[in-house]
Structures are given as C-alpha cells and as structure tokens.
Amino acid sequence: MKKIVLKNSGRLDQVLALELSISRSQAEKIIAKGVLIDGKTVTKAGCKVKENQEVSYQEEVKPSIQETDVSFSIVYEDDYLMVVNKPRGIVTHPSNGHFDDTLANGLARYFSINYDDEFRSGIVHRLDKDTSGLLIVGKTNESKLALQKLIQERHVHRFYKALCVGFIPDKKFKVDAPIGRDPIDRKKMGVTNDGKDAVTHFLLEEQFENCALLDCSLETGRTHQIRVHLAFIHHPIIGDILYNQKKYIEADCGQLLQAYKIEFVHPFTGKLLSLEIPLDSYFSKCLELAKKGQLR
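Residues numbered from 1 in each chain as written. Predicted model: local features only at pLDDT ≥ 70, side-chain atom pairs only at ≥ 80, totals over all residues. Heavy atoms only, no water.

Within an unreviewed UniProt entry, the label attached to the protein reads Pseudouridine synthase, and the organism entered is Candidatus Scatoplasma merdavium. The heading Sequence similarities (unreviewed entry) in the UniProt record of the protein holds the text "Belongs to the pseudouridine synthase RluA family." Of the comments in the UniProt record for the protein, the one headed Function (unreviewed entry) reads "Responsible for synthesis of pseudouridine from uracil." (UniProt positions renumbered as here; feature names shortened; annotations may be inferred.)

Laid out in structure tokens, this is it:
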C-alpha cells in the first residue's frame, strides 16, 4: 500500500482527489476498496479527515496515455497552465471505445510526455464529447492541484451557449435541483432526491419560433448539469440525443451546447483571466436556421 500524510482537511474523497491529483470518482473507487487512516480501515467517502493524518491506500496501476494527433486549439498559455478549445465530437479523457483519440492523447503529444492516467495530461475538468469549448489544463502537478482547488471552491466561472426547445417565459431564471445517476438508465443523469446539489443560472438571449438561445452559467459542476436541468424544465437542448429524443433532420443538428467563456484568477500570478471564443461554425449554422424558423 502507498502512504501519504494529508496536507488538507475535509471529506476524505475531496481531500484524496486534491492530494493525489485525481477525480472524485477515482478517489471514491480507492476508498471503496478500503483505506487506512492512522491504521483504521475506512470505506466511506464522506469520512472527515484532518491535516497530518496518515492515509494508506491501494494504488491502481493504469496505462499511460498515448501520444496521438488529436486536433485542438490553444486560447491561452503560460508557464503554469493553458486554456484550450476542445472541438465538438472529441472525448476529453480515454474511456471504453476511446483509448487514443481523446483530448488527453492530443495534449500528451503536445507536451511530448506520456502522462499516466492519474495526471490525465493536466486536465482539471471535462466537457462532454459533443460539447465544444474551453477547458483549463495544468502544465505541472502543482498547477493542476491549484486549479482543481479553484474549481472545488467555485472560483472558476464557466459560461455556455445553449439552443433549447420551446418558448422561455422569463428573461432570467435559475434551476436549483439535485443531480444523480438515473436509477433506470445508468448512462443518464437526472434530478433525483438523493442527488448532489446542482444550480444553473440562465439568461434568455433570443427567442425564436420554436426554440431559444440561452446563456448558461454554472454555480456547481455536476455531470451533464446544463443538459439535465434544461430537460428537467421541459426545454431540452436541441440535438441532445440522450435527453432530447427529437431528431432535427433538416439541419442535421447535433448537440447545441458550447462552453464559450471562462473566468478565474490565475493561482500563481494573481491575474484575472477572462477568455472568450466565438460560436463554432456548426453552432452558428444551426442558429441561422433557427432565426429563419427552419430548425424543425
């Protein structure tokens, strides 16, 4: 077993994720196998731990991320971090069916380093395969830990454009509804009584004949959060095949959701970074069809 002495206090899963530079879901898997805290076995992710406690855990051996030529563009870069624009259709991390065609593979090639899966090429948050837009990448383990802390403390502000179904009656509104795994379809998330707190803020930018353009900002960062919340209020995102079954054949529309803006204070320079990109050509094309009433 590997041993570490904790530098932080809080929930075991959050502290392990922070100190091992892994996701909370990875931390939960390690905890489920049983970890030793000062020699006592613990299997609950919510167990409270304190600074200077010793934690022993089973290290899972994972394959390295291969260097492959995967397209992405760099919006900002310095010695500590970079912000990249992930194209639509690209998976963020390697997973079943996607072992060498992900953003992480492209970053590994860019850095010319075979980062192991724990580092995940420095990626500190993710976007769904069919969501394009901005992602933060730490260039060192120290940077990645600092960026993960910013996200966990909700100091990274992420903004999205979404084209959703129907008429939106309010200019501004928010959805505050907990999100958890769908009990029937495990591929989906949903609003559930035992889910994790989730809050999304929405601003109506433009109403069209049968759809609306929304500006969305995340207060929390749950899996599929914007997609689930809009489906929950019966305004699913156009082209979202998981939460919106209707097909938009005329426009051949896929999921119309883009992470277009991100703001945070640089953890090492103290500089406010506010980065924004225009809508991609695919989204723009479908938006023009919506304005003409041709998106059906």
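Explain the pattern of salt bridges to me, please; I cannot follow it from the model alone.
For side chains bearing opposite charge, pairing can occur when the charged atoms are close. What the rule picks out here adds up to 11 salt bridges. Aspartate 13 serves as the salt-bridge partner of arginine 11, at 2.9 Å between the closest nitrogen and oxygen. The partner of lysine 161 in a salt bridge is glutamate 205, with the nearest N and O atoms 2.3 Å apart. Placement of the pair is lysine 161 in strand 10 (residues 157-165) and glutamate 205 in strand 14 (residues 199-207), with a sequence separation of 44 residues. Note on lysine 161: relative accessible area 11%, which makes it buried. (Salt bridge = Lys/Arg side-chain N within 4 Å of Asp/Glu carboxyl O. Helix = DSSP H or I, 4+ residues; strand = E, 2+ residues; numbered from the N terminus. Buried < 20%, exposed > 50% of the residue type's maximum accessible area, 1.4 Å probe, protein only.)

Help me understand the sheet that holds strand 3 (residues 35-37) in this model?
The strands making up a sheet associate through backbone hydrogen bonding, with each pair oriented either parallel or antiparallel. Spatially, the four strands line up as an open sheet ordered 1-6-3-4, and their pairing is antiparallel. What marks the edges here is a single partner per strand, and that holds for strand 1 (2-5) and strand 4 (40-42). Averaged over neighbouring strand pairs, the angle between their axes works out to 30° when direction is ignored. Here two bridges tie strand 3 to strand 6 (residues 54-57), and the two strands are oriented antiparallel to one another. By the bridge assignment, isoleucine 37 is partnered in strand 6 with valine 55. Sheet strands in contact with helix 1 (residues 12-20) are strand 1, strand 3, strand 4 and strand 6, and its direction is about 100° off that of strand 1. (Pairing = 2+ DSSP bridges. Axes fitted to C-alpha atoms, helices over the stretch in contact; angles between N-to-C directions. Contact = heavy atoms within 4.5 Å.)

Whenever I open this one, the nonpolar core confuses me. Can you help?
In summary, soluble globular proteins display a tendency toward joint burial of nonpolar side chains. Counting 44 residues, the largest nonpolar core has Leu107, Leu163, Leu214 and Ile226 as its most contacted members. Residue contributions to this core peak at six residues, all from strand 15 (residues 211-218). Leu12, Ile30, Val49 and Val55 belong to the second-largest nonpolar core, a separate cluster that totals 18 residues. (Core = buried A, V, L, I, M, F, W, Y, C linked by side-chain atoms within 4.5 Å.)

Explain the packing of aromatic side chains here, please?
Inspection of the entire model under this criterion finds four aromatic pairs. Relative to phenylalanine 268, the ring of tyrosine 80 has its centre 4.7 Å away and its plane inclined at 10°; by these criteria the two rings are stacked. Of this pair, tyrosine 80 sits in the loop between strand 7 (73-77) and strand 8 (81-86) while phenylalanine 268 sits in the loop between strand 16 (257-265) and strand 17 (272-276), and the two are 188 residues apart along the sequence. Residue tyrosine 80 is classed as partly exposed on the basis of its relative accessible area, which comes to 34%. (Phe/Tyr/Trp six-rings, centres within 6.5 Å; stacked < 30°, edge-to-face > 60°.)

In this structure, what is going on with the packing of helix 1 against helix 4 (residues 141-152)? I would like to understand it.
How two helices sit against one another is set out by the angle between their axes and by the gap between those axes. Where helix 1 meets helix 4, the closest approach of the two axes is 8 Å, and the angle between their N-to-C directions is 150°. Considering their axes alone, helix 1 and helix 4 lie roughly antiparallel with respect to each other. Mapping the contact onto sequence places Gln14, Ala17, Leu18 and Glu19 in helix 1 and Leu145, Gln148, Lys149 and Gln152 in helix 4. Counted by class, the contact of helix 1 with helix 4 contains three nonpolar, three polar and two charged residues. (Parallel < 35°, antiparallel > 145°, perpendicular 65-115°, else oblique. Nonpolar A, V, L, I, M, F, W, Y, C, P; charged D, E, K, R; others polar.)

For this particular structure, what's the right way to read helix 2 (residues 24-32)?
For the α-helix, the turn length of 3.6 residues means that residues three or four positions removed from each other point alike. Of all the residues in helix 2, the buried ones are Gln26, Ala27, Ile30 and Ile31. End-on view of helix 2: buried residues confined to an arc of 140°, all on one side of the axis. Exposed and oriented more than 90 degrees from the buried face of helix 2 are Lys29 and Ala32. Buried-residue contacts for helix 2 involve helix 1, strand 3, strand 4 and strand 6. Trailing helix 2 by a residue or two, glycine 34 shows a phi angle of about 100°, which is positive. (Arc of directions from axis to C-beta.)

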